[in-house]
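An overview of the molecular structure
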Amino acid sequence: MAEQEYEIDLGNLMAFDGHHHFPSLPSSREELVKACLEKGTKLVQAVADALFNLPSIDDPDGPIVTLPQPTTRLPREKPLPKKKPPTKWELFAQKKGIVQRKKDKVVFDEQTGTWKRRHGYDRVNDDNDVPIIEAKASDGKYLTCRCF
Amino acid sequence: MTSIGMKMSFLAADMGVGLTATDSRTVANDLIPTVVDINVNAPGFEIVFLVLFYGSTGITLVGEYPNPVGYGYGYGYGTALPLLHGYWDGFGGQRRIMLQIKTPKTGRSKREVQKRAPKLIESGKKTLILHGTKTSDVLNVILSDIHHLKKGESIKYSRKNDSIRPFESGGETSLEFFSLKTDCSLFVFGSHSKKRPNNLVIGRTYDHHIYDLVELGVENFKSMESFSYGRKLAPQIGSKPLFAFIGEGFESVEELKHLKEVLLDLFRGEVVSNLNIAGLDRVYVCTALSSNKVLFTHCALRLKKSGTIVPRMELVEVGPSMDLLVRRHRLPEESLRKESMKKAHELTKKKEKNVSRDSIQGKIGKIYMPDQQVGEKVLPNKAKGVKRERREAKMKGEAKRQKQDS
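Definitions and cut-offs
Residues numbered from 1 in each chain as written. Chains lettered and ligands numbered in written order. Predicted model: local features only at pLDDT ≥ 70, side-chain atom pairs only at ≥ 80, totals over all residues. Heavy atoms only, no water. Helix = DSSP H or I, 4+ residues; strand = E, 2+ residues; numbered from the N terminus. Buried < 20%, exposed > 50% of the residue type's maximum accessible area, 1.4 Å probe, protein only. Contact = heavy atoms within 4.5 Å. Patch = residues over 30% accessible without salt bridge, like charges linked within 9 Å, V, L, I, M, F, W, Y side chains within 5 Å. Areas by Shrake-Rupley, 256 points an atom, 1.4 Å probe, with all protein chains shown as cover. Salt bridge = Lys/Arg side-chain N within 4 Å of Asp/Glu carboxyl O. Buried area = accessible area lost by both parts, 1.4 Å probe. Polar contact = N/O pair within 3.5 Å; in protein donor to acceptor, adjacent residues only side chain to side chain. Nonpolar A, V, L, I, M, F, W, Y, C, P; charged D, E, K, R; others polar. Pairing = 2+ DSSP bridges. Expected span 1.5 Å × (residues − 1). Core = buried A, V, L, I, M, F, W, Y, C linked by side-chain atoms within 4.5 Å. Axes fitted to C-alpha atoms, helices over the stretch in contact; angles between N-to-C directions. pLDDT = per-residue confidence, 0-100.

A look at the overall build of chain A
In terms of helices and strands, chain A carries two helices and six strands. Of the regular secondary structure in chain A, the N- to C-terminal order runs β-β-α-β-β-α-β-β. Sorting the 148 residues of chain A into buried and exposed places 26% on the buried side. Of the contacts made within chain A by residues no fewer than 6 positions apart, 35% connect residues no fewer than 24 positions apart.

Notes on a nonpolar patch on the surface
On the surface, a nonpolar cluster with roughly 320 Å² of combined accessible area is contributed by Trp89(A), Phe92(A) and Ile98(A). Looking at the secondary structure, you find Trp89(A) in helix α2 (residues 88–96).

Some words on the interface of chain B and chain A
Contacts between the two partners involve 66 residues from chain B, matched on the other side by 50 residues from chain A. Here chain B and chain A share an interface that buries about 5300 Å² over both sides, 64% of which is from carbon and sulfur atoms. In this assembly, chain B and chain A are joined by three salt bridges. Note that Lys78(A) is salt-bridged to Asp183(B), the shortest N-O span being 2.8 Å. Our count for the contact surface shared by chain B and chain A stands at 25 residue pairs in polar contact (both at pLDDT 80 or more). For the side of chain B that touches chain A, the element with the highest residue contribution is strand β16 (residues 312–330) of chain B, accounting for six residues. Classifying every residue of the side of chain B that touches chain A by side-chain character gives 33 nonpolar, twelve polar and 21 charged. As defined by bridge partners, strand β4 (residues 64–66) of chain A adjoins strand β13 (residues 274–276) of chain B across three bridges and the pair is classed as antiparallel.

Focus: helix α6 (residues 254–267) of chain B
Residue and element names in this part refer to chain B. Helix length check: α6 (14 residues) gives 20 Å between terminal C-alpha atoms against 20 Å at 1.5 Å per residue, within 8%. For α6, a buried count of ten out of 14 residues is recorded, marking the element as mostly surrounded by other parts of the structure. Restricting attention to buried positions, one finds in α6 the residues Leu256, His258, Leu259, Lys260, Val262, Leu263, Leu264, Asp265, Leu266 and Phe267. Downstream of α6 by one or two residues, Gly269 has phi in the positive range, about 75 degrees.

Some thoughts on the pattern of salt bridges
Applying the stated criterion across every chain yields a total of 21 salt bridges over all chains. Close ionic contact of Asp126(A) with Arg123(A) constitutes a salt bridge, the shortest N to O distance being 3.6 Å. With its nearest N and O atoms 3.8 Å apart, the salt bridge here joins Glu112(B) to Lys115(B). Placement of the pair is Glu112(B) and Lys115(B) together in helix α2 (residues 107–116), with a separation of three residues, close to one helical turn. Glu112(B) gets classed as partly exposed once you look at its relative accessible area, which sits at 29%. When salt bridges that share partners are traced, they join Lys125(B), Arg204(B), Asp212(B), Glu261(B) and Asp265(B) into one network.

Some details on the side chain of Asp323(B)
Here Asp323(B) shows up in strand β16. Polar contacts involving the side chain of Asp323(B) include one to the side chain of Arg29(A), which spans 3.0 Å. Of the polar contacts made by the side chain of Asp323(B), one reaches the side chain of Asn220(B); its length is 2.9 Å. Setting aside residues no more than four positions away along its own chain, Asp323(B) makes contact with Arg29(A), Gly217(B), Val218(B), Glu219(B), Asn220(B), Leu289(B), Lys293(B), Val294(B) and Leu295(B).

Observations concerning the sheet that holds β13(B)
What holds strands together in a sheet is hydrogen bonding between their backbones, with the strands either parallel or antiparallel. Taken in spatial order, the three strands line up as β3(A)-β4(A)-β13(B) in an open sheet, and their pairing is antiparallel. Single-partner strands in this sheet number two, and they are β3 (56–57) of chain A together with β13 of chain B.

Structural notes on the nonpolar core
Val188(B), Leu200(B), Phe250(B), Leu259(B), Phe267(B) and Phe296(B) are the most contacted members of the largest nonpolar core, which totals 35 residues. For this core, the leading source of residues is α6(B), giving seven residues. Among the nonpolar cores identified, the runner-up in size contains 28 residues, and Val33(A), Leu37(A), Leu67(A) and Leu275(B) belong to it.

As for helix α4 (residues 173–182) of chain B
Counting buried positions along α4(B) gives eight out of ten residues, so the element sits mostly inside the fold. Residue Asp183(B) follows α4(B) closely and has a positive phi angle near 60 degrees.

With respect to the side chain of His258(B)
All names here are of chain B. On the secondary structure map, His258 appears in helix α6. Separated by 3.3 Å, the side chains of His258 and His329 make a polar contact. Setting aside residues up to four positions removed in sequence, His258 forms contacts with Arg204, Asp212, Leu213, Val214, His329, Arg330 and Leu331.

Here we look at the sheet that holds strand β8 (residues 154–160) of chain B
Overall, mixed pairing links the eleven strands, which are arranged β1(A)-β2(A)-β12(B)-β14(B)-β15(B)-β16(B)-β11(B)-β10(B)-β9(B)-β7(B)-β8(B) in an open sheet. Edge strands, defined here as strands with exactly one partner in the open sheet, are β1 (7–9) of chain A together with β8 of chain B. Averaged over all neighbouring strand pairs, the angle between strand axes comes to 25 degrees, with direction disregarded. Set on the sheet, helix α1 (residues 29–52) of chain A makes contact with β1 and β2 (14–17) of chain A together with β11 (209–222), β12 (242–246), β14 (282–288), β15 (293–304) and β16 of chain B; between it and β16(B) the angle comes to about 110 degrees.

Some words on unusual backbone geometry
A positive phi angle is found at Leu13(A), which is not glycine, with a value near 55 degrees. Located in the positive-phi region is Asp183(B), a residue other than glycine, with phi close to 60 degrees. When you line up the elements, Asp183(B) lands in the loop between α4 and β9 (186–191).

What about the confidence of the model for chain B?
Detailed reading of the predicted coordinates is not advisable wherever pLDDT falls low. All names here are of chain B. For chain B, mean pLDDT is 78; residues scoring 70 or higher make up 74% of the total. Here residues 1–24 scores under 50 on pLDDT; set against residues more than four positions off or in separate chains, the count is 50 contacts. The low-confidence segment residues 31–99 (pLDDT under 50) makes 173 contacts with residues lying over four places distant or belonging to another chain. For this predicted complex, the interface confidence reaches an ipTM of 0.73, while the overall pTM sits at 0.68.

Re the environment of Val316(B)
All names here are of chain B. Within the secondary structure, Val316 sits in strand β16. For Val316 and Ala234, which are 82 residues apart along the polypeptide, the C-alpha to C-alpha distance reads 9.6 Å. Ignoring any residue separated from it by four or fewer positions in sequence, one finds Val316 in contact with Tyr229, Leu233, Cys299, Ala300 and Arg302.

Description of the pairing of β2(A)
Covered by surrounding structure in β2(A) are Met14(A) and Phe16(A) together with Ala15(A) and Asp17(A), the residues of both alternating faces. In this sheet, β2(A) lies alongside β1(A) in antiparallel orientation, the contact comprising three bridges. Bridge pairing in β2(A) places Asp9(A) opposite Met14(A). Turn length for the β1(A)-β2(A) hairpin, with the two strands adjacent in sequence and antiparallel, is four residues, and the turn residue Leu13(A) shows positive phi of about 55 degrees. Pairing of β2(A) with β12(B) involves four bridges; the strand directions are parallel. Within β12(B), the position partnered with Ala15(A) by the bridge is Ala244(B).

Printed below as a string of structure tokens:
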């Protein structure tokens, strides 16, 4: 048939045959259903052809394909979100040029030359992790020193 | 709260929780009025506030009638946090009311409100399935079948609703309210009468107001249970369906065009970008038999081996199969349609300028430089040599002084 062009919307996995018409409806319901399923099979095959020819990524469950955006435009269910006005802090930060920077959980320690965590056990630049700590006068009770 | 010449009515709806009359009265007395229905054209003010007790967790939907404005949250049914405080004077006429809208205070309520807020990219419309005063056996089975087909993204109400008449101007308020309460933008309303037997009204809402409606009559219905097939063929819940629309009627007849759009919207599920094609297992086949009749059936897919990468498809009827007769339909208003079809500005693809690709050199970029006028501009006389001169002059001066001293 020359009019084999079905409209295929891959984003919605839809195939539409706009040229088909029943010249005479089949008398029995079963035949009608069979005819519809036959046509349906052809359309579905067309969609599958297009789908399986898309570039796919292999996955243990099966080939994963990136679908294009649907071509039939359907209405939204809610209006577009409105932009919220910037807060007082946001305005101030913009004016001053303050940039938000995220701190990493792991920091490179220059001393040991390894990556250490920023907080917690065995952290970078720990105040207590110094080989020699000078004693204060208040530590007197705990530091016994025999002075001769 | 009461003022002179003010009409105040209170509606407390018990959504199956088991409220008593005393509870509603305590709420009425404790509450600062929450939702105010401002009917400015009325000779006096009529304030209607509607308090709903939803479930035992105590989330109360407090909204204005007919269009709820926001949510109030309470703990345990019996209390409800006020959402709007209204200040008004007791005089009728066209006075303005100042309203303070309260925002949700706890993290939990904030998250709930955010879930229902409008999003840039929408996906996954929920469906509300309900019925009117009278239903037939066939209709009951149809509604439950549709509920099963859309498991996970549909809500089925079991009570009968007398006041819903989708095609009449006043009969849609309940529907809009339910759509707001359940956050459903699609609904399927079944009813049965002598004039319209086995009637299904499929409708969509935009911003919780009726967008469009299609009224269908169902004939020759065969339910999901009447089909027998191998167990392995059964389509999985939540799988993305394929659609096959057959017939020139879907292109030429207005009503069938509309029906095609509505059916696509109803059954398509979530819009996904990555799809596992081995998991395709269902098709909805719609055939236009005449200018107002459509044969709708749901089939399972069997992928069979063929010589090529593309498997051979085989359709096996599994699900409900019915003849849909289009009775009435209401298309959306032009202004509403335009608004709902708007695309967000941020989503339009941005063109990368001044970048091109060459097969030999690869990615090439163009940089446009302003005319630098090399050689035309006068250079400043800031040569380093000047410093040296000064230094030498200094040294000369010092040598002279030394000579003078000695």
